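Listed below, chain by chain, are the residues.
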Amino acid sequence: MTASPDLGTPRTATPDLLRAVFRQHAAGVAVITAQGARPVGFTATSLTSVAADPPLLSFGVGTAASSWPTLADAEHIGVHILGEHQQELAATFARSGADRFGPATSWREGPEGVPLLDGVLAWLVCKVIARVPAGDHRIVLAQPLVGDPAGRGRPLLYHQGRFNALRD
């Protein structure tokens, strides 16, 4: 079998190669929240629907992330699907050292004490059922308990290292 000339030269898999390849992959943007001694949260592009029956989802979180100590013990988490109007919110929850739940963030306490962000396209409160070691990350498996898909707008995407919107 001959490689197509437009495939380029294969490179050995490294962390930099993986990041470069996944910059080509457009992903939806979510914010994951949990309540500990104080609320925590982070922007995630790794959110995945795992199963419909029973409903299960997953996401990855780095063990060096400031939110990991709380997520490592949390029984419940919030999952928020962001709209294209929420680029600044996504950036706030992605930025190291940001005051994520400060005055600029509109949120409330939801079911199971989980912090819920206002104005999102959809949200779920989930019960954490497993944390699977995966290199310098953990894959968190969670079962949705309650939620609301009724937000308005179009989804926020992440592509080529920046937040984007869908184009028709």
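Small disclaimer: the values here were computed from a predicted structure and weren't measured.

Undergrad: Even after reading the chapter, I still don't get the pairing of strand E2 (residues 30–35), so can you show me in this structure?
TA: The side chains of a regular strand alternate between the sheet's two faces. Burial analysis of E2 places 5 of its 6 residues in the buried class, the great majority of the element. Of the strand pairs in this sheet, E2 and strand E3 (residues 39–44) are connected by 6 bridges, and their pairing is antiparallel. When the bridges of E3 are listed, Thr33 appears paired with Gly41. Following E2, the chain reverses through 3 residues before pairing antiparallel with E3.

Undergrad: Looking at this model, I keep getting lost on the nonpolar core. Mind explaining?
TA: If you look at soluble globular proteins, the nonpolar side chains tend to sit buried side by side. Ile32, Phe42, Phe59, Leu71 and Ile77 are the most contacted members of the largest nonpolar core, which totals 17 residues. When contributions to this core are tallied by element, the ones reaching two or more residues are E2, E3, strand E5 (55–62), helix H2 (68–73), strand E6 (76–81), strand E9 (122–134) and strand E10 (137–148). In contact with Ile32, not counting residues within four places along its chain, are Val40, Gly41, Phe42, Ala44, Phe59, Leu71, Ile77, Gly78 and Val79. Leu89, Ala90, Val114 and Leu156 belong to the second-largest nonpolar core, a separate cluster that totals 16 residues.

Undergrad: Sorry if this is basic, but what is going on with the environment of Cys126 here?
TA: You can see Cys126 is positioned in strand E9. Cys126 gets classed as buried once you look at its relative accessible area, which sits at 0%. In this structure, the C-alpha to C-alpha distance between Cys126 and Ser96, residues 30 residues apart in sequence, is 25 Å. Excluding residues within four positions of it along the chain, Cys126 makes contact with Leu57, Glu75, His76, Ile77, Val79, Ala142, Gln143, Pro144 and Leu145.

Undergrad: Even after reading the chapter, I still don't get the sheet that holds strand E12 (residues 162–165), so can you show me in this structure?
TA: Paired through their backbone hydrogen bonds, the strands of a sheet run either parallel or antiparallel. The strand order across the open sheet built from 3 strands is E1-E11-E12, with neighbouring strands paired in antiparallel fashion. Of all strands in the sheet, those with a lone pairing partner are strand E1 (27–28) and E12, marking the two edges. Bridging between strand E11 (residues 156–159) and E12 involves 4 bridges; their strand directions are antiparallel. Within E12, the residue paired with His159 across the bridge is Arg162.

Undergrad: How should I be thinking about the layout of surface pockets in this particular structure?
TA: Empty space left among the atoms is revealed by rolling a probe the size of a water molecule over them. In this structure, the largest pocket spans a volume of roughly 1400 Å³. No other element matches the 4 residues that helix H1 (residues 15–22) contributes to the lining of the largest pocket.

Undergrad: So what exactly am I meant to see when it comes to the pairing of E5 here?
TA: Burial within E5 is extensive, with 7 of its 8 residues counted as buried. Inspection of the sheet shows strand E4 (residues 48–52) paired to E5 by 4 bridges, in the antiparallel sense. Across the sheet, residue Thr48 finds its bridge partner in E5, namely Ser58. Taken together, E4 and the strand that follows it, E5, pair antiparallel across an intervening segment of 2 residues.

Undergrad: Sorry, what's going on with the pattern of salt bridges here?
TA: Oppositely charged side chains can form a pair if their charged atoms are brought close together. Counted by the stated rule, this structure contains 3 salt bridges. Arg108 is paired through a salt bridge with Asp118; the nearest N and O atoms lie 3.3 Å apart. Of this pair, Arg108 sits in strand E7 (residues 107–109) while Asp118 sits in the loop between strand E8 (115–117) and E9, and the two are 10 residues apart along the sequence. Taking the relative accessible area as the measure of exposure, Asp118 reaches 29% and is therefore partly exposed.

Thresholds, definitions, all that
- Residues numbered from 1 in each chain as written.
- Predicted model: local features only at pLDDT ≥ 70, side-chain atom pairs only at ≥ 80, totals over all residues.
- Heavy atoms only, no water.
- Buried < 20%, exposed > 50% of the residue type's maximum accessible area, 1.4 Å probe, protein only.
- Helix = DSSP H or I, 4+ residues; strand = E, 2+ residues; numbered from the N terminus.
- Pairing = 2+ DSSP bridges.
- Core = buried A, V, L, I, M, F, W, Y, C linked by side-chain atoms within 4.5 Å.
- Contact = heavy atoms within 4.5 Å.
- 1 Å grid on protein atoms, 1.4 Å probe; cavity = no way out; pocket = protein on both sides within 12 Å on 5 of 7 lines; lining within 4 Å.
- Points joined across faces, edges and corners; volume = space filled by probe spheres on them.
- Salt bridge = Lys/Arg side-chain N within 4 Å of Asp/Glu carboxyl O.

Remember, this is a structural readout, not a statement about activity or role.
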